[in-house]
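Tertiary structure, described
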Number of protein chains: 2
Amino acid sequence: MEGGAVQAELIAVLAAVTDGEPRVLTIGSGYALPSGPLEEGHRSLQTGLRAWVERQTHHPLGYVEQLYTFAGQLPGAARGISISYLGLSREAMTEYPGAEWHGWYEYFPWEDARHSRSAPYVAAILPRLRAWAGDDAARQTRVEGLFGAEGWNEELVLQRYELLWEAALVPEARRPHTDEGGTVPGREMTHDHRRILATAIARLRAKIKYRPVVFELLPREFTMLELQQTMEALAGQTLHKPNFRRLIEQQELVEETGKTTSGLAGRPAKLFRFRQAVLEERGVSGTKLPRVK
Amino acid sequence: MEGGAVQAELIAVLAAVTDGEPRVLTIGSGYALPSGPLEEGHRSLQTGLRAWVERQTHHPLGYVEQLYTFAGQLPGAARGISISYLGLSREAMTEYPGAEWHGWYEYFPWEDARHSRSAPYVAAILPRLRAWAGDDAARQTRVEGLFGAEGWNEELVLQRYELLWEAALVPEARRPHTDEGGTVPGREMTHDHRRILATAIARLRAKIKYRPVVFELLPREFTMLELQQTMEALAGQTLHKPNFRRLIEQQELVEETGKTTSGLAGRPAKLFRFRQAVLEERGVSGTKLPRVK
DNA sequence: CCTTTTATACTCAACGTGAGTATAAATCTT
DNA sequence: AAGATTTATACTCACGTTGAGTATAAAAGG
């Protein structure tokens, strides 16, 4: 056979939102993402991925989309290809030993800008990045653009992580694995898994704005506040309540169920469900080009 | 070694726009995309891709982004993984034997909606799709949503191709390779290559709206009309001239060079170039969420 | 009964977008 | 050379979307 055959590793980022916290399913005490090699029996890449996730976590896999493929070091020192996926789940519960859900801001504390929760982390990171940048104008532009005061862009999760890697401020960037000079707060992961998680968060933050995927994370019936808080958890940003409501309504994404909540403090909230039509109707797409005729 | 090792095929869609036509670089008389297996010597996937494209077409590879990875049938009957890429090029010229540029609407004639050029193709396709859909409501919804009269969405290139495949209206869907019942106009390609091209077109049509990638396709200096016609060629749509101009100006993507065209009919046009700052700066991202504070 | 809490409705200015019109400055035609 | 043609560029106006803030409704809690 010509050309070198390689191992193909399948890696899953399975996300859920519970109690207003976005979580990710991990193995190895939060140190790794569910993953395993593509095997002969797998009829497709997604089939293989599902098999591995269910074997390692006993958690079913619903909505799935591909993230990225890259060549890298695989477990076992072999060179191979890693193919990563993002999955969305409604519940973050598991009894299976070894499988744990972790809040994803444990891994990226600087990414949770709700009520300036990330402010202290950013404040601690910035001087270290500036020191690293020194007189290099290109580095300065990147540092200020990604972590600087004006205009935090919540979609640039991966770029921020990669900048911290380049500046050797995350443990994964240290070879050999020393803590000399110190690193930045945030849970570490094996291999490239934290980078893959960053890619997943970035993708999800971008996607919720133009495709109705939040639905995959919510129960069938929910209140406006639950919907908003789920979005806020993902985006790491607080949203303007009346305008959020208006946005959802004018897009006709949801419909009333007729039921309301009860037993909680405050006025009862109407329960909504997503309109089935939306899930079928493809398209959407906000064109940004001034078409004619 | 545990787990089955597989072949990894790298496939490139290299696009350029010349004379108002978007073109794609092919081998095998327009029947295939440049491609080849990942080899031991390749330091990364992109390195491997570049090697193959240059070997097969002698064309250099500039801007490149990953498209999609899937498991499929590789040339030589082996099972393996295909990793596809989109590349952008400024010129569509090559002297190398076997390498040819082809207008991408040769492969998807129904996708060129400039001045209703695709209208006759759509008119021919629709009744055949409707016949295929029959009484199936789900099929009808898809047919009308993708090819129907109201609201042609130019980003759904892949979905339209896949629908034609399902309806067995493209030759690639016929096994064995017969023309019974007839197919729809449009150049055929080997394996999944036409599907990959569809993915590339869809990606590019989506991306030009929120990232300054057209620049990779234009010479360093260009007129507003050249910029507009390049966008129109990609989108397969005609655009409103004054509004297009306003859009470009208000986004501050370009700056005047001071020079103008000459020798051509009509009033001389100012020459523009892309602002260097844009290429660096840009986190861009138009948030669609009503953030607060 | 009044306070607190949460839900929901409404207002208004600023801005972006769709559509169309008007004017400027070249070349082309006869 | 004059007028027609072509292309470039500037301007207008209505309308819908968005950002920001305010007002009212309906429950639970003390």
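Residues numbered from 1 in each chain as written. Chains lettered and ligands numbered in written order. Predicted model: local features only at pLDDT ≥ 70, side-chain atom pairs only at ≥ 80, totals over all residues.

**Points about the domain arrangement of chain A**
Residue and element names in this part refer to chain A. Taken as a whole, chain A is organised into domain 1 (7-105), domain 2 (110-186) and domain 3 (218-280). Relative to domain 3, the C-alpha centre of domain 2 lies at a distance of 34 Å. In this assembly, 6 residues from domain 2 lie in contact with 5 residues from domain 3. Tallied by class, the residues present in the side of domain 2 that touches domain 3 amount to 1 nonpolar, 1 polar and 4 charged. (Domains from an automatic or database assignment. Contact = placed C-beta atoms within 7 Å. Nonpolar A, V, L, I, M, F, W, Y, C, P; charged D, E, K, R; others polar.)

**Some points on the interface of chain A and chain B**
Of the residues lining the interface, 47 residues belong to chain A; the matching set on chain B comes to 48 residues. Broken down by secondary-structure element, the contributors of at least two residues to the side of chain A that touches chain B are β1 (7-18), β4 (63-73), β5 (79-88), α3 (137-147), α6 (224-235) and α7 (241-250) of chain A. Partitioned by chemical class, the residues of the side of chain A that touches chain B number 21 nonpolar, 16 polar and 10 charged. (Helix = DSSP H or I, 4+ residues; strand = E, 2+ residues; numbered from the N terminus.)

**Observations regarding the packing of helix α3 (residues 137-147) of chain B against helix α4 (residues 157-166) of chain B**
All names here are of chain B. Direction vectors running N to C along α3 and α4 enclose 135°, while the axes themselves pass 10 Å from each other. Of the possible angle classes, the one that applies to α3 and α4 is oblique. For the pair α3 and α4, the sense of crossing is left-handed. Across from Arg-142, Val-143, Leu-146 and Phe-147 in α3, the residues of α4 making contact are Gln-159, Arg-160 and Leu-163. Split by residue class, the contact of α3 with α4 holds 4 nonpolar, 1 polar and 2 charged. (Axes fitted to C-alpha atoms, helices over the stretch in contact; angles between N-to-C directions. Parallel < 35°, antiparallel > 145°, perpendicular 65-115°, else oblique. Left-handed = near helix turned anticlockwise from the far one by under 90°.)

**A few points about the UniProt feature "domain: NrtR DNA-binding winged helix" (unreviewed entry) in chain A**
The UniProt record marks residues 214-274 of chain A with the feature "domain: NrtR DNA-binding winged helix" (unreviewed entry), using the residue numbering of this structure. The distance separating the terminal C-alpha atoms of residues 214-274 of chain A is 10 Å; by composition the span is 36% helix and 20% strand. (UniProt positions renumbered as here; feature names shortened; annotations may be inferred.)

**Digging into the protein's contact with DNA strand C**
The immediate surroundings of DNA strand C are formed by 22 residues, with Gly-266, Arg-267 and Lys-270 of chain A together with Pro-242 and Arg-267 of chain B found nearest. Contributions of two or more residues to the surface near DNA strand C are made by α6 and α7 of chain A together with α7 (241-250) of chain B. A total of 3 residues in the surface near DNA strand C trace back to one element, the largest contributor, which is α7 of chain B. The residue inventory of the surface near DNA strand C, partitioned by class, reads 11 nonpolar, 6 polar and 5 charged. (Near = placed C-beta within 6 Å.)

**Some details on the pairing of β1 of chain A**
Residue and element names in this part refer to chain A. Within β1, 11 of the 12 residues are buried, which leaves the element mostly enclosed by the surrounding structure. Examined bridge by bridge, β1 and β5 share 9 bridges and lie parallel to one another. The residue of β5 that forms the bridge with Ala-15 is Leu-88. As paired strands, β1 and strand β3 (residues 35-37) are joined by 3 bridges and run antiparallel to one another. (Buried ≥ 20, exposed ≤ 12 C-beta atoms within 10 Å, placed from the backbone. Pairing = 2+ DSSP bridges.)

**Section: the protein's contact with DNA strand D**
In the vicinity of DNA strand D there are 21 residues, among which Pro-242 and Arg-267 of chain A together with Gly-266, Arg-267 and Lys-270 of chain B approach most closely. Residue assignment for the surface near DNA strand D shows that the elements contributing at least two residues are α7 of chain A together with α6 (224-235) and α7 of chain B. For the surface near DNA strand D, the element with the most residues is α7 of chain A, which contributes 3 residues. Partitioned by chemical class, the residues of the surface near DNA strand D number 11 nonpolar, 5 polar and 5 charged.

**Looking at the relation of the copies chain A and chain B**
Laying chain A over chain B is done by rotating through 180° and shifting 0.0 Å along the axis; what remains is an RMSD of 0.0 Å. In symmetry terms, the pair is related by a two-fold rotation axis. (Least-squares fit on C-alpha atoms with pLDDT ≥ 70 in both.)

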